[in-house]
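Summary of structural features
What follows is the residue order along each chain.
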Amino acid sequence: QVQLVESGGGLVQPGGSLRLSCAASAGSAFRLYAVGWSRQAPGKQRELVASVTSIGNTTYADSATGRFTISRDNAKNTVYLQMNSLKPEDTAVYYCYADHPIYGSRNWGQGTQVTVSS
């Protein structure tokens, strides 16, 4: 079972940027996992923000397209979410996840809080 640890959240003003990181304990198998980021705002359901497959194909929520970029560094077993032009509605707990390449089971990180406010 892969362990995921997020970092990089915090308080940022509207229009600002943050980069979230997610370190995975999957060893060399990390490169085979599809990974991504979801978020959950208070009183709302968790929603997918961005994902990247093992071969580098990316998908984004409409709300993230053009502002967020997901990337992965397989040598460091880390996935990143670069968030630019942040808006107050981006405020949420952001969770990293990883999908097992064979069984499809999903592991989640503990989450990191992102607050966009002036």
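Going by the structure above, here's the rest.
Throughout what follows, the structure given in this document is the object of discussion. (Residues numbered from 1 in each chain as written. Predicted model: local features only at pLDDT ≥ 70, side-chain atom pairs only at ≥ 80, totals over all residues. Heavy atoms only, no water.)

The buried count for strand 3 (residues 18–24) comes to five of seven residues, which makes it a mostly enclosed element. As judged from the four bridges shared by strand 1 (residues 4–7) and strand 3, these two strands associate in the antiparallel manner. Along strand 3, the bridge assignment pairs Val5 with Ala23. Looking at chain direction, strand 3 and strand 8 (residues 78–83) are connected through six bridges and run antiparallel. Across the sheet, residue Leu18 finds its bridge partner in strand 8, namely Met83. (Buried < 20%, exposed > 50% of the residue type's maximum accessible area, 1.4 Å probe, protein only. Helix = DSSP H or I, 4+ residues; strand = E, 2+ residues; numbered from the N terminus. Pairing = 2+ DSSP bridges.)

What follows concerns the sheet that holds strand 1. Reading across the sheet, the four strands line up as 1-3-8-7 and stay open at both edges, with antiparallel pairing between neighbours. Pairing within the sheet leaves two strands with one partner each, and these edge strands are strand 1 and strand 7 (68–73). Between one strand axis and the next, the sheet turns through 15° on average, direction left out of account. Note that strand 7 and strand 8 share six bridges and pair antiparallel. Following the sheet pairing, Ser71 is matched in strand 8 by Tyr80. (Axes fitted to C-alpha atoms, helices over the stretch in contact; angles between N-to-C directions.)

Turning our attention to the pattern of salt bridges. Using the criterion set out here, one finds four salt bridges in the structure. Asp90 serves as the salt-bridge partner of Arg39, at 2.9 Å between the closest nitrogen and oxygen. Placement of the pair is Arg39 in strand 4 (residues 34–40) and Asp90 in the loop between strand 8 and strand 9 (92–99), with a sequence separation of 51 residues. Of the two residues examined, Arg39 and Asp90, each falls in the buried class. Its salt-bridge partner being Arg67, residue Asp90 comes within 2.7 Å of it at the nearest N-O pair. Here Asp90 is found in the loop between strand 8 and strand 9, whereas its partner Arg67 is found in the loop between strand 6 (58–60) and strand 7, with 23 residues between them in sequence. Here the salt bridges share partners, and the residues they tie into one network are Arg39, Glu47, Arg67 and Asp90. (Salt bridge = Lys/Arg side-chain N within 4 Å of Asp/Glu carboxyl O.)

Now for the side chain of Thr112. Inspection of the secondary structure puts Thr112 in strand 11 (residues 112–116). One polar contact links the side chain of Thr112 to the main-chain amide nitrogen of Gly9, over a distance of 3.3 Å. Apart from residues lying up to four places away in sequence, Thr112 is in contact with Glu6, Ser7, Gly8, Gly9, Leu20, Ala92, Val93 and Tyr94. (Polar contact = N/O pair within 3.5 Å; in protein donor to acceptor, adjacent residues only side chain to side chain. Contact = heavy atoms within 4.5 Å.)

Glancing now at the packing of aromatic side chains. This model, assessed by the stated rule, comprises two aromatic pairs. Look at Tyr95 and Trp108: their rings are 6.4 Å apart centre to centre, the planes differ by 90°, and that puts the pair in the edge-to-face class. Taken together, the residues span a long stretch of sequence, with Tyr95 in strand 9 and Trp108 in strand 10 (residues 106–108) at a distance of 13 residues. Trp108 gets classed as partly exposed once you look at its relative accessible area, which sits at 36%. Geometrically, the ring pair formed by Tyr97 and Trp108 is tilted, given 5.4 Å between the ring centres and 55° between the ring planes. With a gap of 11 residues between them, Tyr97 in strand 9 and Trp108 in strand 10 connect regions that are remote in the sequence. (Phe/Tyr/Trp six-rings, centres within 6.5 Å; stacked < 30°, edge-to-face > 60°.)

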